[in-house]
Structures are given as C-alpha cells and as structure tokens.
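# Coordinate inspection notes
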Amino acid sequence: MTSSADGGGVATWQPQAEGLREICGLLEQQMSPTSDDKSLIWQKLQHYTQFPDFNNYLAFIFARAEGKSVEVRQAAGLLLKNNLRSAFETMPPANQHYIKSELLPCMGASDRQIRSTAGTIISAFVQIGGVVGWPELLHALVKCLDSNDPNHMEGAMDALSKICEDVPQVLDADISGLSERPINVFLPRFLQLFQSPHTTLRKLSLGAVNQFIMLMPTVLYVSMDKYLQGLFVLANDTAPEVRKLVCSAFVQLIEIRSAVLEPHLRNIIEYMLIVNKDPDDEVSLEACEFWSAYCEADLPPENLREFLPRLIPVLLSNMAYADDDESLVDAEVDGSLPDRDQDLKPRFHSSRFHGSEDAEDEDDDIVNVWNLRKCSAAALDFLSNVFGDEILPTLMPIIQANLSATGDATWKDREAAVLALGAIAEGCISGLYPHLSQIITFLIPLLDDNFPLIRSISCWTLSRFSKYIVQGIAHQQGREQFDKVLMGLLRRILDDNKRVQEAACSAFATLEEEAAEELAPRLDVILQHLMCAFGKYQRRNIRIVYDAIGTLADAVGGELNQPTHLEILMPPLIAKWQQLSNSDKDLFPLLECFTSIAQALGAGFSQFAQPVFQRCISVIQTQQLAKVDPVSAGAQYDKEFIVCSLDLLSGLAEGLGAGIESLVSQSNLRDLLLQCCIDDSHDVRQSAFALLGDLARVCPVHLHSRLPEFLDVAAKQLNTPKLKETLSVANNACWAIGELAIKVHKEMSSIVLTVISYLVPILQRPEGLNKSLIENCAITLGRIAWVCPELVSPHMEHFMQSWCLALSMIRDDIEKEDAFRGLCAMVRANPSGALNSLVFMCKAIASWNEIRSEDLHNEVCQVLRGYKQMLKNGAWEQCMSALEPPVKDKLLKYQHFIGNKGEGTAREFDLLYRGVLF
C-alpha cells in the first residue's frame, strides 16, 4: 500500500483509491451481522498494519469518509485507537502529525458518536505521548470550550473528561513552553460549565472535576468554595446522571478531604438522606456509599448521631430485594440443571505464602453485582461498628415487625430483617448477646423456610454468630443449639436450590473455622453430607464443597486420619481426580482441597501420595511445554495449573515430612522447580520458593546438586527495583534461603555476603514493605549468622540496630530462636560489633515472653553477663538507664543469671565465651 503524497509532506498526504476501497470494504464486512468468518476479516485488517501509512487510512476514513456510515467510520477510529499502543513508537512523525491534524476538527463534528470516538482516540494519544508533543491540542480544546457552539464544546469536553479519567496527572504538570499548568486553564472553564443549559456539558464538566479530588491540584484547592457552591446548585439537577456525580463528589470528599465539608455537613447529610431514596437506582446507590465513607472518615460520630432514627429505616427499606434484582431469577434455578460456562465465576488461587500475614483476602463479591441492597447492608454494618448498641432501639422494632409479618407478599421484608441481623452481628454484639440464644433459636427454623432466599440469608446470618454459637458448647443448652445449627446447615447443604447450596457451604466453612476440634465427634455425619453434596452439585457449587472439605481438614487436622473417615472422604475425590484431565480447570479447586487434606493427614496421606505427586509433576511438565509449544503439549498455557500443583507439592512435603523423600528422589522435581523459580510469573515464583523452603526442611539432600543455582536465584528476588511489586515472591525466597541455611550450613558460604548485602537495605528501609518480609529478613539474617558467624560478624555494626528492631517485633517461635542463636554466635565472634547497639539488643531480648530453649536462654544470659563485665565506669548502668521501664522489667528475668561479677575487658568477654573464664 502506498500513498499519493509527493515527498512525504503531511498536508499533501492522500489515500490511494484502491487501498481506501479495500479497507472500507473490510470494515463494512466486519460490521455486518451476516459476515460468516469475522476472524478471517480481522486477520486481513491486521495484515495491513505492516504498511506504515495504514493508520493514516484509518484516520482519513474516520474523519473524512462522509459517504460511509457512522458505524464504519467509528470502527475505523476504534481500530486506529487500538493500533496506537503498538504502533506509536515506530510511527513516522509525519504520520503522527497527519493523524492528529485530522482528529482535531472531529471534536466539532455534527454527529455525537463521531465526537465521542474522537475524544477516545485523543485520550489514547495523550496516555501514550502526553500533551508535550501536541501543543495544538490544548489550544484547540480551549478554543472549542470558548466557542459557544454546543457541538464543539461537547466534543472538547468529551475528550477532556476521558483524559481526566485516564491520566489526570498529565494536566496537573508543568509543561515546557506554557506559562501555567493545563489544569489551571481548564478548571475555571469546567466550573463555569456547571451552569450550562446542556445536560451533557454539566455531566462531563462535573465528572472531569471529580477526577481531581484525589490529586487536589492547587487550583482546585483554592477554588473549593466555588466547586462546593456548584455542587449545591447541581444537587437538585433534573438529570439523574448529574445527581449521581454530585453524590460521588461528596463521597470522595468525605473520604479524602473531609475537612472542607465540615461547615456544610448538616446540609449534606440532609441531602444524602433524601437522595438515598431517589427513584433512580444509580443515584440512590451512590448516595448510600456516603454512610460507609463517613464512618471510615476522621469525623466525629456526633454529627451523624441525630440522623440515625431517620437513616436506619431508609437503609433497612433499601435492603429488601428490588423487583428487578437478578438474584430473584437466579434463586429459582433448579439445582439439578447443569451450569453453563457463563455461570462459573472466575476463580483466583492465592499462591502459598510463608509469614505472619497472608496476602489480602479475596473479596467474595469480586464478580458479583454491587447494588443498593448490598451497599445498604454494608452501611448498616459500618454504623453498627461506630455506634454499637445505640442503633438497636431504632433498628430492632423494625426488624421484629418485619420478622413477624406473615404471608408470601411480605417475604422480602422478612429476608431483609434477617440480613440486617447479620449486618449488625459484630458491631452490636454487646446489646444482642443477652438475647443471642433466642435470636439463634428463631433463625434455625428459617433454614427450612419455603422461600430459598430466606433459607440462604439465614445460613449467612447464622454464620456471623459462629463464634458465639461455638462458645456455647461449654454447657448443655449451648451444645444442643450448636448441634441444631450444625445439622440445619448440613440439611441446607443438600438443598435442591443452587443459591441455598452455596450459602450453606460458605456458612458451614465459617462454622468449621470457629469450631475446629469440636467437630471431631461429628465427623462421620459431616463427611456423609459433604460427600453426598459432592455427588449432587453442579460444577459451580462443587468448587464450594471442595473449599468446605479443605476447611474441615484444616480445622480438625489429624482427627481426620481415621479409616472410617477416609473411607467416606477419599474414594469420591480420587475418582474425580482420575476423571479430570491435566488441562481441565476444574482441577484447580481439587488440587487446593488435596493440599489441605495432605497437611491434615500427615503421614496418613502416604497411601494416596504417589499418584498425587506424579500428577503434579505431570501437570507442571505439561504447562512448561505449553508455554513454548501449546500444540505439542496438547494444552493452552495457564500458570494456575503450575501454581496449584506447586502448592499441593508443598502440602505433601509438609504433611509427609521426610516421607516425601522417596518420591522426590525418583522424579525430576528439582529441575522443574528451578525452572519455576525463574519463571516470569510472580505467582509461579512465589509458590516455587515456598516449595523450595518446604523441601529444604524435609529432604535438602535432593537439592544439593543445584544448591548454588537455587541460592543465587532466591537471592536475586531480594535485590530488584520492583521489590514492592513482588513482595510475596521476595518473602518466600527469603524464607527459603533461611531454611536452606540451617540445613546446608557452610555450603552456602560463597553467597553469604551477597545475601546479607540484600537483606540489610530491606531492614534499614522498611517503609512500604509488608510486616512478613521484614520478619523473614530478620530471621534469615539470624540463621545465616548462626551457621556462618565468622563471615557475618565483621559487618554486624552496620545492621545491628535495624536488625534488632525487626527481631523485637517477631512473636516467640522456633524461627525466632534460630535468629537469636545467630545473634549470640555473632556476639561471640565479634563482641565489640554490637557495643553501639546494646540498647537495641536489650530491647530485642526483652521482646521474648519466654525463651523455651534452655540452651538459648543460657546463651542470652552469657551475652548480657559478658557485656556487663565488659562495660566499665558505669557504662552498663548508663545503658540500662536508657531503657524504658517495661523493657527493664523484662530483663530482670535474666538478672539472676547475669550475676554481679566485677568489670572485665573485651578480651575477658572473649575468654568467657570460650569457656576459659566463668
């Protein structure tokens, strides 16, 4: 394809008629509903991307093909927008200039769809290249806004609203050649447009300003009064989309800049109460967000307290199902009907994590529709946590009235009342506690209600009281009530309604976590119900059964390892395991379930271990091949298969202990694992390093031949400019290095100083890093110091303070013991290296509640005794006086062992440790 431009000049570029006709023809076919093979048409269009001026053709068709339909012109524009990301860097400047020059007039096009598409393309240009390389754009936008022509004003505002949404920071930046930031020019014009008679301009301008609340540029801050006055005027706008944006502005301001609203808070609360009942669902939903935002903001509760008697009834009313709620349709689906692919929620496996805090919990509603009902329940939950039992006098009469209503017509009100009880279960527990037995007694029969959504919400609300239901087991009445709840939930697990099945399984999993070993006497009946559900459920809900089984295994642990239990549990799971192919995504939750079972059964899982282990190896091999050659692998690459398999292998290592050694020795796991440790996926590396640490614990001999490579790649995870983006990977890699250190000892000498040089900066600059990584760094440094003190101790003065601070934050456990053995070993090797950090070391020692190891306790006492003898002329007493009283008190438990011997020297301290003195 060539153009008819002479000399490549921008102004003279013209398309060839033949090329223009071909591309338009393909776009028309692409738009045609009767086209047979859309993929073939798409391939032909992609073929044209090899020509340098293909995007010029698209720009010409979009801007100038007046004889073509708007849909074809739009298609050309959107294809141009999509091409920009890949083509922009290599696009000749002349072509860029041509495309930009064609776009600007389109902002004033008579057709709204063309104007909107032009705004989309312009925003894409700005996202990629900023505004620096397009000075004509800012001038054109200002000119259009000031033109008083509705089309030009709307086109410019459409483009600006998209830029503000996608890259607002671009407009709030200094730009060479301009006397002020672009936002300083645009914001006054946006505020002026709040008064426009055109709804679209009011909506776009308000939406644009709202995008800057988070950034809060100076011009918006100094114009805050004018902005707020504009919001008050627009609050009663006739257009619901404008009222929604007003509510959104107040919600954002209360979250981010609550102080600016305080003088107007009473009026804003009054307004939000009104629009919380707006006939437009989107407006009322946005208004409802205000109450949760208020509760989280740093504002005095008193401002809201007087409105509670009016607010709570509104929230409860909005918690009833709307007539068009999709859940009403879902609730009628027969449980025996197979799930469609679109019914299956996306699933997100959390990679294995070693540390004191896991990655963030997944949001259960991540793929559910957020609506007024759920938002109102969340607001009531927040209010109950802020105001506690204060809300009960207003709320409970409404709940009681709704629950006592009879007849099919009032079922939605009854359901909302049960939802409200669950929402306040945490915040109002003090007030509810004396009546809890009656409340639970009332809820249990609702598990058998005729309406499936009442059955399902009753499951959830009972689960919210799980902690207190389990606490009641201590007495006879409470134990009977626990059994009724347990059996009620098990009955609902076998419900014919899919929605109820899901709610019952989730509620039962919550109860399992609270009840733990209390479930042991009831395991047979629980397993019989769960495995009956396993045979009954369709694909979507069977995943929840896996979760309930896994949670049960975690809860009861070794109690599960009884022949009668395993006869019920394992055969159906093994049959499903054998039925699923290595590329079936239904394998994911089953792998997770087996992980929990393997950990619970321990050595008892050995009878099932060999085929499970081999399957994991096979899955990883298949996926590693699929990554480079999906045809040969017979599967499409999906990292989740690798992650789940690695985590199950970790579960096997944890459960079987040294019993996994024979399986590892006969496999190529070591080489596969090394490949996973260098994978480009963060999730794969995270799980790989978790498995590396688990194998180091139970069978380090099988890592030996590739130990330097494992240590090198693990260390590199700690020294990356993207550390904050890969914290969980670094966390597990750090933990694995520590586990290897205490197994291989001096064999890691060659990499010790490298690892230390990576650990120390993390400990010295912990800002923005998670607690677990800091703890693991401190433990791993201590473990390395324990096995190689002669290499680490010469450098200890550079990191003692930050290291001891981190050690003082770690809970008492075996890993902390290892770290303190390293501390003692370093002090033994280089006593003077810790002198300047003695106060910090004493605080770290005082962080122990109790050192259970007698050997370590004695070593710590020797350290303190040594420094007390070493420090002369009141220096020891001066050090002690720098400690806070609670720290001094905790150190007293070591005083008996420290003694009051005379002062000594550094050499005496060294001799003391070598056993010559003492």
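Note that the coordinates shown come from a computational prediction; the quantities given were computed from them, not determined experimentally.

Time to look at the overall build of the protein chain. When you go through the protein chain residue by residue, the secondary structure sums to 51 helices and zero strands. Dimensions of the protein chain, computed from the C-alpha atoms along their principal axes, are close to 100 × 80 × 65 Å. Every one of the 918 residues in the protein chain was classed for burial, and the buried ones make up 56%. Contacts spanning at least 24 positions in sequence make up 75% of the contacts within the protein chain whose residues lie at least 6 apart. As displayed, the protein chain has an accessible area near 40100 Å², and 50% of this comes from carbon and sulfur atoms. If the 79 positive side-chain charges of the protein chain are averaged to one point and the 118 negative ones to another, these points end up 3 Å apart.

The next thing to look at is the packing of helix 11 (residues 199–210) against helix 13 (residues 224–234). Look at helix 11 against helix 13: their axes get within 12 Å of each other, and the N-to-C directions meet at 140 degrees. Accordingly, the angle class assigned to the pair helix 11 and helix 13 is oblique. By crossing handedness, the relation of helix 11 to helix 13 is classed as left-handed. On helix 13, the residues that touch R202, L206, V209 and N210 of helix 11 are Y227, L231 and L234.

This part is about helix 36 (residues 639–656). The terminal C-alpha atoms of helix 36, which comprises 18 residues, lie 26 Å apart, in line with the 26 Å expected from a rise of 1.5 Å per residue. Of all 18 residues making up helix 36, 16 are buried, and the element is well covered by its neighbours. The N-cap of helix 36, judged by a side-chain oxygen 3.0 Å from the amide nitrogen of E640 a few residues on, is D638. Immediately downstream of helix 36, the backbone of G657 shows phi near 60 degrees, a positive value.

With that settled, the discussion passes to the nonpolar core. Of all hydrophobic cores here, the largest spans 335 residues; its most connected members are Y227, W291, L573, I597, F605 and M841. At eleven residues, helix 41 (residues 727–744) tops the list of elements feeding residues into this core. When near neighbours in sequence (up to four residues on either side) are disregarded, M841 contacts M800, C804, L823, V827, A834, V863 and Y867.

A separate point is the UniProt feature "domain: Importin N-terminal" (unreviewed entry) in the protein chain. Following the UniProt record, one finds the feature "domain: Importin N-terminal" (unreviewed entry) at residues 41–109. Regarding residues 41–109, the helix share stands at 72% and the strand share at 0%, and the terminal C-alpha atoms are separated by 29 Å.

The subject of this paragraph is the packing of aromatic side chains. Taken as a whole and assessed by the stated rule, the structure comprises 20 aromatic pairs. For the pair F186 and F190, a centre-to-centre distance of 6.2 Å together with 10 degrees between the ring planes defines the contact as stacked. Linking F186 with F190, this pair stays in helix 10 (residues 182–193), spanning four residues, or about one helical turn. You'll find F186 and F190 in the same group, each marked buried. Ring centres 6.3 Å apart and planes at 45 degrees place the aromatic pair F290 and Y294 in the tilted group. In this pair, F290 and Y294 both sit in helix 17 (residues 281–296), four residues apart, roughly one turn of the helix. Given a relative accessible area of 2%, Y294 falls into the buried group. Cluster of aromatic residues (ring-pair linked, three or more members): W577, F594, F605 and F608. When the ring centre of Y321 is taken as origin, the NZ or CZ atom of R373, which lies over that ring, is 3.8 Å away.

Quick look at the pattern of salt bridges now. Side-chain pairs of opposite charge can arise whenever the charged atoms involved come near each other. Tallying each qualifying case throughout the model produces 45 salt bridges. For the salt bridge of D638 with K585, the shortest nitrogen-to-oxygen distance reads 3.4 Å. Within this pair, whereas D638 is found in the loop between helix 35 (630–633) and helix 36, its partner K585 is found in the loop between helix 32 (563–579) and helix 33 (587–601), the two being separated by 53 residues in sequence. When its relative accessible area of 15% is taken as the criterion, D638 is described as buried.

The next subject is the packing of helix 11 against helix 14 (residues 240–256). Where helix 11 meets helix 14, the axes come as close as 9 Å, and the angle between the chain directions of the two elements is 15 degrees. Considered as vectors, helix 11 and helix 14 are oriented roughly parallel to each other. Of the two possible hands of crossing, helix 11 and helix 14 adopt the one that is left-handed. On helix 14, the residues that touch T199, R202, K203, L206, G207 and N210 of helix 11 are E241, V242, L245, V246, S248, A249 and Q252.

Attention now moves to the environment of S853. Of note, S853 is situated in the loop between helix 47 (838–846) and helix 48 (854–870). With a relative accessible area of 15%, S853 lands in the buried category. Sequence-wise, S853 and N56 are 797 residues apart; in three dimensions their C-alpha atoms are separated by 76 Å. One polar contact links S853 to R821, side chain to side chain, over a distance of 3.2 Å.

Here we take up the side chain of R455. Looking at where R455 falls in the secondary structure, it is placed in helix 26 (residues 452–464). The class for R455 is buried, based on a relative accessible area of 11%. The residues contacting R455, other than those within four sequence positions of it, are L446, L447, D448, D449, N450, R492, D495, N497 and V500.

On to the environment of L823, then. If you trace the backbone, L823 turns up in helix 46 (residues 814–829). For L823 and K746, which are 77 residues apart along the polypeptide, the C-alpha to C-alpha distance reads 17 Å. With sequence-adjacent residues up to four places away left out, L823 is seen in contact with M800, W803 and M841.

Our next topic: the environment of E426. Among the structural elements, E426 can be located in the loop between helix 23 (411–423) and helix 24 (429–432). The class for E426 is exposed, based on a relative accessible area of 52%. Along the primary structure E426 and G388 are separated by 38 residues, whereas in three dimensions their C-alpha atoms are 8.8 Å apart. Here E426 is in contact with N385 and R464, once residues within four sequence places are set aside.

It is worth spelling out unusual backbone geometry at this point. Even without glycine at this site, H745 takes up a positive phi of about 50 degrees. Mapped onto the fold, H745 is located in the loop between helix 41 and helix 42 (749–764). Given a relative accessible area of 39%, H745 falls into the partly exposed group. The phi dihedral of N873 falls on the positive side, at around 55 degrees, and the residue is not glycine. With respect to the helices, strands and loops of the structure, N873 is situated in the loop between helix 48 and helix 49 (875–881). Its relative accessible area of 74% is what places N873 among the exposed residues.

Cut-offs applied
Residues numbered from 1 in each chain as written. Predicted model: local features only at pLDDT ≥ 70, side-chain atom pairs only at ≥ 80, totals over all residues. Heavy atoms only, no water. Helix = DSSP H or I, 4+ residues; strand = E, 2+ residues; numbered from the N terminus. Buried < 20%, exposed > 50% of the residue type's maximum accessible area, 1.4 Å probe, protein only. Contact = heavy atoms within 4.5 Å. Areas by Shrake-Rupley, 256 points an atom, 1.4 Å probe, with all protein chains shown as cover. Lys, Arg positive; Asp, Glu negative; His and termini not counted. Charge placed at Lys NZ, Arg CZ, Asp CG, Glu CD. Axes fitted to C-alpha atoms, helices over the stretch in contact; angles between N-to-C directions. Parallel < 35°, antiparallel > 145°, perpendicular 65-115°, else oblique. Left-handed = near helix turned anticlockwise from the far one by under 90°. Expected span 1.5 Å × (residues − 1). Polar contact = N/O pair within 3.5 Å; in protein donor to acceptor, adjacent residues only side chain to side chain. Core = buried A, V, L, I, M, F, W, Y, C linked by side-chain atoms within 4.5 Å. UniProt positions renumbered as here; feature names shortened; annotations may be inferred. Phe/Tyr/Trp six-rings, centres within 6.5 Å; stacked < 30°, edge-to-face > 60°. Lys NZ or Arg CZ within 6 Å of the ring centre and 35° of its normal. Salt bridge = Lys/Arg side-chain N within 4 Å of Asp/Glu carboxyl O.

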